[in-house]
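What the coordinates show
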Amino acid sequence: MTFPLTGIENANDFYSQHYLDEVLDNDLKDLFLRWAEEGGASTPARLRQMAGDYLKLRDQLLRARTLEDRVALLHDIAARLFGVLGYALQPEILSLEGGELQVLACYRGSDGKPALVIALAPFAPDEDAEEWSALGSRLLQSGVGEPALMPDDTDWETAATKLVFADTHPPRWLLLLGHDELLVIERAKWSRKALLRFDLPDIFGLRDDKLFRATAALASFDSILPAQGAAALLDTLDGNSHKHAYGVSTDLKYALREAIELIGNEAIRHKREVSKEKVFDRNDLDLAAQLSEECLVFMYRLLFLFYLEARPELGYAPIQAAAYLKGYSLEHLRDLEKLSLQTPEA
């Protein structure tokens, strides 16, 4: 299960990307084997079974002309999706310092304080489908009165930041559902806007078992809020991600040191053998300091460019442009380095 999986986005490195690419699949192996034994009763299998219902409800929602109808249909999607993922929905008005919020569910810890909140983010008929309104919806009443909502033009990011996580006792987890996306947000990672984003049309449209397994593993109730005394799977994965990132950074440190030594030695060789300079006639300490600084600058520039080229979604390097890819990119230089040179001219 190599990331990025179509349909699941590891936004702003919720987990380290290298961990997701190289290690996650092995860490989830036992869970996948258990699901295979459960067959049709497993969470991934039940997600597959609801694919048709989701796509039908989404189509009706997009054609709905009023916010009331859209919210009602989004509520139906939420009931099916969260039910499959193991959550019990019980709408309530959550009192927060910044106001009151209509939520689908609020799970509390043993101290009675919110641990996980589930909310909807519908879009109004005159809004673009990408523009979600604030977390609450005045239209999802459950017999408990009219909640005090944030202004209608407040987007969900502002509401999450200034209402949910700004509270004196904020929940650790926020699950936010729109017609196209499910967001899993953890309070400690929200400062850098890190989250897991599940693209529902892709997940249910592709009907890919890998996607269903990954969604179930990363978004289900048992993975986030397990039975008391049990370790949460997402916390275990987070710990493994940090350990792996430390291992990678340690390897990178030694690789970086070796690269600097190679560059420095090559610079000395070029001065002595090509430029015919008498290297040791000059102040050795000045040369060493200058060479060390220039090698460090050179290596960090390379690392910076490698990062930008590995993250085309940032938009800083025109990695999709053929002229850049074949004429300027470090990826192209790496491809050239792999070529076998058979003649002096080559």
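The sections below set out a description of the structure shown in this document. (Residues numbered from 1 in each chain as written. Predicted model: local features only at pLDDT ≥ 70, side-chain atom pairs only at ≥ 80, totals over all residues. Heavy atoms only, no water.)

Looking at the overall build of the protein chain
Here is the rule: Helix and strand definitions here come from DSSP, where helices need a minimum of 4 consecutive H or I residues and strands a minimum of 2 consecutive E residues; each element is numbered from the N-terminal end. Burial classes: relative accessible area under 20% of the type maximum marks a residue as buried, over 50% as exposed, and values in between as partly exposed (1.4 Å probe, protein chains only). Contacts are residue-level and defined by heavy atoms, with any inter-residue pair within 4.5 Å sufficient. Per-residue accessibility takes into account occlusion by the displayed protein chains alone, with areas from the Shrake-Rupley method and a 1.4 Å probe.
When helices and strands are counted, the protein chain shows 14 helices and eight strands. Taking all 346 residues of the protein chain together, 40% fall into the buried category. Put simply, of all contacts in the protein chain between residues at least 6 apart along the chain, 57% involve residues at least 24 apart. For the protein chain, the accessible area works out to roughly 19500 Å², and carbon and sulfur atoms hold 52% of it.

With respect to the nonpolar core
Inclusion rule: In this text, buried Ala, Val, Leu, Ile, Met, Phe, Trp, Tyr and Cys residues form a nonpolar core when linked through side-chain atoms within 4.5 Å.
Counting 58 residues, the largest nonpolar core has Tyr87 and Leu177 as its most contacted members. The residues touching Tyr87, leaving out its near neighbours within four places in the chain, are Phe82, Tyr107, Leu116, Ile118, Leu175, Ala219, Ser220, Phe221 and Ile224. Ranked by size, the runner-up nonpolar core spans 20 residues in total, among them Leu94, Leu101, Ala121 and Leu183.

Considering a nonpolar patch on the surface
As a reminder of what qualifies: A patch consists of residues whose relative accessible area exceeds 30% and which take part in no salt bridge; residues with like charges are grouped when within 9 Å of each other, and nonpolar side chains (Val, Leu, Ile, Met, Phe, Trp, Tyr) when within 5 Å. Whenever Lys or Arg places a side-chain nitrogen within 4 Å of a carboxyl oxygen from Asp or Glu, that contact is recorded as a salt bridge.
A surface patch of nonpolar side chains, amounting to about 410 Å² of accessible area, comprises Leu333, Leu336, Leu339 and Leu341. Positionally, Leu336 belongs in helix H14 (residues 330-337).

Looking at the side chain of Asn10
Definition in use: Two N or O atoms count as a polar contact when they lie within 3.5 Å, although within protein this holds only if one can serve as hydrogen donor and the other as acceptor, and sequence-adjacent residues are included solely when both atoms are side-chain atoms.
Among the secondary structure elements, Asn10 is positioned in strand S1 (residues 8-11). The class of Asn10 is buried, set by a relative accessible area of 9%. Here Tyr15 takes part through its backbone oxygen, which lies 2.8 Å from a polar atom of the side chain of Asn10. Filtering out sequence-adjacent residues up to four positions away, Asn10 remains in contact with Tyr15, Gln17, Leu20, Leu195 and Leu196.

Description of the environment of Ser223
Mapped onto the elements of the fold, Ser223 is located in helix H10 (residues 221-224). Looking at Ser223, the relative accessible area reads 4%, which means it is buried. Sequence separation between Ser223 and Asp235 is twelve residues; the distance between their C-alpha atoms is 8.5 Å. With sequence-adjacent residues up to four places away left out, Ser223 is seen in contact with Ala216, Ala217, Ala232, Leu233 and Leu234. Separated by 3.1 Å, the side chains of Ser223 and Ser220 make a polar contact.

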